[in-house]
Amino acid sequence: PDAEWLRRDRIAFSDIPAEYVVGKNRFKFLMVGKIEDPFQGCACTMADMTRDLVERIETKDKEIVVIDTEAGVESFGRGLERIVDTVLVIVEPSFQSIALAGRIHSMARGMGIGRVRTILNKVGSEKREQKMMDELKKKDIAVLGTIGFEEEINEAGFEGRALGGESKAKNDMKQMMMTILEGR
């Protein structure tokens, strides 16, 4: 396909050819840099290309770009986050996940990113949620919201299918999205 759109200084979502985008309703996903075969080399070059592309994407009002990176801090070493205004950290109920959130928070602040928010994920009880919030507060890390553990979500993920119907988690995620769109 013609790659002229990649050479533009500014790129609108509508400029990106449909074969590179999947989506439903108002949500569009652009996959960049997925390793498909062994020995494809260092992810640094792909991170550079992704950063360059995202820097040139023009967003409209109430339009946001979400970059889903690998879990951990490797993308910080490649500098991908330097183009964002907010870092969202998914934190699961474990010591390691909370410690990693602390490292990510520190690195993001070191890059000048003022907004670091966590989303507590797979939280099975209010007691666990409160413990997680307390630990993150000690590290001065803001919590955007919580997604509780729901067997239906777990099952849908295991089966590789979309989550149907309404659920508390869906409503909680919608509320978090609204908070992000409002710039908080």
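Residues numbered from 1 in each chain as written. Predicted model: local features only at pLDDT ≥ 70, side-chain atom pairs only at ≥ 80, totals over all residues. Heavy atoms only, no water.

**Remarks on the nonpolar core**
Part 1: Val87, Val89 and Val91 are the most contacted members of the largest nonpolar core, which has 16 residues in total.
Part 2: Secondary-structure elements contributing two or more residues to this core are strand 5 (86-91), helix 3 (95-110), strand 6 (115-123) and helix 4 (126-138).
Part 3: If you tally residues by element for this core, the top one is helix 3, at four residues.
Part 4: Apart from residues lying up to four places away in sequence, Val91 is in contact with Ser97, Ile98, Ala101, Thr118, Ile119, Leu120, Asn121 and Met132. (Core = buried A, V, L, I, M, F, W, Y, C linked by side-chain atoms within 4.5 Å. Buried < 20%, exposed > 50% of the residue type's maximum accessible area, 1.4 Å probe, protein only. Helix = DSSP H or I, 4+ residues; strand = E, 2+ residues; numbered from the N terminus. Contact = heavy atoms within 4.5 Å.)

**Focus on the environment of Ser167**
Part 1: Examined against the element boundaries, Ser167 turns out to sit in the loop between helix 5 (151-159) and helix 6 (168-181).
Part 2: For Ser167, a relative accessible area of 13% translates into the label buried.
Part 3: Remark: the alpha-carbon pair of Ser167 and Glu152, spanning 15 residues in sequence, is separated by 8.9 Å.
Part 4: A distance of 3.1 Å separates a polar atom in the side chain of Ser167 from the backbone nitrogen of Lys170. (Polar contact = N/O pair within 3.5 Å; in protein donor to acceptor, adjacent residues only side chain to side chain.)

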